[in-house]
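Residues per chain are reported as follows:
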Amino acid sequence: MNTIKYISLALILSGLWSCEDGALDPVVRPGSAPVISNPGPGTSFVLSESQASSILTTIEWSAADFGFQAGVSYNVQLDMAGNNFADAVTLGTVAGISLDVTQDKINNILLSSGIEEAIPVNIEIRVRASVSPEVERLTSDPVALTVTPFIVEVVYPQLQVPGGYQGWDPSNNNTVIFSVRSDLKYEGFIYFPDDNTEFKYTDGPTWDVNYGDDGADGTLENGSSNIIAPQAGLYRLSVNLNDLTHSFTRTIWGVLGDATPGGWDTDQDMSYDPATGILSVTLNLTAGEIKFRANDAWDINFGDDGANGSVEYNGANIAITEAGNYTIELILSVAKYRYRLTKN
């Protein structure tokens, strides 16, 4: 009989210990994502340059529930409608459940996306909630809005590129690369006239914050070794200050397409003029289509998605509607790359 009592007591204590141990481990239950309550779906905004610094709207949403108590961070994103947030831009990251958004913030994002006219544009916003990199984020359903921007000259964030080719001058605004989405990702084309040109990046027109690459491994370090471009030529420079990585690629540009003498098989090489920063070639074209590409390969190529004179990576073929002799120019020395077709 005593044995039975002892066994029963052991089982009870074992059960208590199991419950107590289990209470120490957090249980992540499926939660509920935030829901945007303002602005409502289908809301339309017309932006005004005179009111650029004023608050356009306050984005509001319900609190996310992760199934346990934790500090939640909310990231509010915007993208063009139908793009499934593939190129999402962050409007802000907050700990609360609302975010004020100014008119110029939205306007600059739209213009950076290639909008060139003051016409209504369909966009979407969403909110992503997170508590830890180890816990899956909760994302709200998107809300569709219509915004009419105002057209102004956009001043893009830039990264200086001082080096031996320009006198190591970080204040030279002719040797910079740009972040057209204001996301700390910079890109641009710089011409190095000599082999083994050394250069660095500076955040601003001084040497206070400067980046090089110790070990030439594609990782930037503050105040580190000069970067070396081995051959003279026009280079595409890419820098991501979010993770301090970079790359640089020497490019030789050409035009090809069924409107060119070589069709889609042979590039018609373009010449680069360091004085103007323009690539050009003069060709006899037939009615058809063309594109631009670098290094006789499709890894880096430009087309024109909007038929508006600006180029986009992997963009649509450019239509040549009338045969004739053309001067074709590609301008990569600006923040938003563009081209010109001039019939001679």
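Everything that follows concerns the structure shown earlier in this document.
Calculation notes
Residues numbered from 1 in each chain as written. Predicted model: local features only at pLDDT ≥ 70, side-chain atom pairs only at ≥ 80, totals over all residues. Heavy atoms only, no water. Helix = DSSP H or I, 4+ residues; strand = E, 2+ residues; numbered from the N terminus. Buried < 20%, exposed > 50% of the residue type's maximum accessible area, 1.4 Å probe, protein only. Contact = heavy atoms within 4.5 Å. Core = buried A, V, L, I, M, F, W, Y, C linked by side-chain atoms within 4.5 Å. Salt bridge = Lys/Arg side-chain N within 4 Å of Asp/Glu carboxyl O.

A. Local environment of the environment of Phe-150. Along the chain, the position of Phe-150 falls in the loop between β9 (143-148) and β10 (158-160). We classify Phe-150 as buried; its relative accessible area is 10%. Phe-150 sits 52 residues away from Thr-202 along the chain, and the two C-alpha atoms are 32 Å apart. Each residue touching Phe-150, except ones within four places of it in the same chain, is listed here: Leu-47, Ser-48, Glu-49, Ala-52, Asn-107 and Leu-111.

B. Inspection of the environment of Pro-170 at higher detail. Considering the arrangement of structural elements, one finds Pro-170 in the loop between β10 and β11 (176-178). Assessed through its relative accessible area of 7%, Pro-170 is described here as buried. Taking the C-alpha atoms as reference points, Pro-170 and Thr-327, 157 residues apart in sequence, are found 35 Å from one another. Leave out the neighbours within four places in its chain, and Pro-170 touches Gln-160, Pro-162, Thr-202, Gly-204, Pro-205, Thr-206 and Trp-207.

C. The arrangement of the nonpolar core in detail. If you look at the biggest cluster of nonpolar residues, it comprises 32 residues, and the most contacted ones within it are Trp-61, Leu-91, Ile-106, Ile-123 and Ile-125. Secondary structure elements with two or more residues in this core: β3 (55-61), β4 (73-80), β5 (89-94), β6 (98-102), α2 (103-112), β7 (121-130) and β9. Sort the elements by how many residues they give to this core and β7 lands first, with five residues. If we ignore the near neighbours within four places in the chain, the residues touching Trp-61 are Pro-34, Val-35, Ile-36, Ser-37, Tyr-74, Val-76, Val-94, Gly-96, Ile-97, Ser-98, Leu-99 and Val-127. Residues Ala-259, Met-270, Leu-283 and Ala-294 belong to the second largest nonpolar core, which totals 24 residues.

D. Spatial organisation of the pattern of salt bridges. Scanning the model with the defined rule gives three salt bridges in all. A salt bridge links Glu-322 to Lys-343; the nearest nitrogen and oxygen atoms lie 3.8 Å apart. Within this pair, whereas Glu-322 is found in the loop between β27 (318-320) and β28 (324-331), its partner Lys-343 is found in strand β29 (residues 338-343), the two being separated by 21 residues in sequence. Taking the relative accessible area as the measure of exposure, Glu-322 reaches 46% and is therefore partly exposed. As a salt-bridge pair, Arg-340 and Glu-329 come within 2.9 Å of each other at their nearest N and O atoms. Placement of Arg-340 in strand β29 and of Glu-329 in strand β28 is noted, with a sequence separation of 11 residues between them. A relative accessible area of 16% means that Glu-329 is categorised as buried.

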